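Coordinate inspection notes
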Amino acid sequence: MRIYKAKDYKDMSRKAANILSAQIIMKPDCTLGLATGSSPIGIYDQLVEWYKKGDLDFSEVTTVNLDEYKGLPKDNDQSYYYFMHKHLFDRVNINPNKTYLPNGMEMDSKKETQRYTELIQSLGGIDMQLLGIGHNGHIGFNEPGTSFEKDVHCVDLTQDTIEANKRFFASADDVPKQAYTMGIKTIMHAKKIVLIANGIKKAPIIQKAFFGPVTPQVPASILQLHNDVTLIADEEALSCL
Ligand code: F6R
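Here's what I pulled together on the structure shown here. (Residues numbered from 1 in each chain as written. Predicted model: local features only at pLDDT ≥ 70, side-chain atom pairs only at ≥ 80, totals over all residues. Heavy atoms only, no water.)

1. Quick word on the side chain of Lys-70
Turning to its location among the elements, Lys-70 is positioned in the loop between β4 (67-69) and α3 (80-87). Although Lys-70 is buried, it makes no salt bridge; Asp-108 carries the closest opposite charge, 7.4 Å away. Here the side chain of Lys-70 touches Met-107 through a polar contact of 3.2 Å, landing on its backbone oxygen. One polar contact links Lys-70 to Ser-109, side chain to side chain, over a distance of 2.7 Å. Not counting residues up to four positions away in its chain, the partners in contact with Lys-70 are Gly-104, Glu-106, Met-107, Ser-109, Cys-154, Pro-176, Gln-178, Ala-179 and Tyr-180. (Helix = DSSP H or I, 4+ residues; strand = E, 2+ residues; numbered from the N terminus. Buried < 20%, exposed > 50% of the residue type's maximum accessible area, 1.4 Å probe, protein only. Lys, Arg positive; Asp, Glu negative; His and termini not counted. Salt bridge = Lys/Arg side-chain N within 4 Å of Asp/Glu carboxyl O. Polar contact = N/O pair within 3.5 Å; in protein donor to acceptor, adjacent residues only side chain to side chain. Contact = heavy atoms within 4.5 Å.)

This is the structure:
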């Protein structure tokens, strides 16, 4: 595992964007696994800036996202589809037909998880997977206690997550109760993994995930067993090491 210490959020975003763009330059038709949340927004902004300068070309790139809420239409501003278009896809020359997310409007979980698993396999796997990390060590929507053996699956959101997310919706009743997510097994099959973390609140979990025991209670701890992981975190997030 490589650990890069960044000064702050901007520096973290720039370092991670450098690694992603190196991947695109080395393999223009690569498959990138992407994440949503607050952590990667600075990376997407940086990639857009380099694209606008003419330094990056997304025309052959394929993307697969980690997760999506079940039951949210694409045009809902809380859907991950909406997020990805707003922060990256609509701002670069990526082919929209090569940007994949789980289909939140497919109510048949078995059908959708199988479709997404097969889709990732048909792309020949993920060349580089970008990950954020939750305060409890979750990656994607794989919460503590999830089996390491899972492929793409449908999860019931915990009451905590529903409570935490309700500020983005009109009421708690409007917060989706389920989500589709790549499983730990899917994530571990990525050839390279880049995990980003910033802020003091992430410091304890970064210590546990990368230097504690490998346990389903800390889903990100499995990354210790992957042979190509890069952790890029700011000084605050690394302050418990
Ligand atoms: C997002 C995702 C989540 C986030 C995690 C951290 O697609 O799968 O696991 O990466 O919740 O979120 P932020 O970046 O908002 O702290």
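Having put the structure on the table, let's press on.
2. Examining the packing of aromatic side chains
Taken as a whole and judged by the stated rule, the model has five aromatic pairs. Between Tyr-51 and Phe-58, the aromatic rings sit 6.4 Å apart at their centres with planes inclined by 70°, giving edge-to-face as the arrangement. Given a relative accessible area of 25%, Tyr-51 falls into the partly exposed group. For Phe-58, a relative accessible area of 1% translates into the label buried. Ring pairs connect the aromatic residues Tyr-69, Tyr-80, Phe-141 and Phe-169, which therefore count as one cluster. (Phe/Tyr/Trp six-rings, centres within 6.5 Å; stacked < 30°, edge-to-face > 60°.)

Any functional reading would require information beyond the geometric quantities listed.
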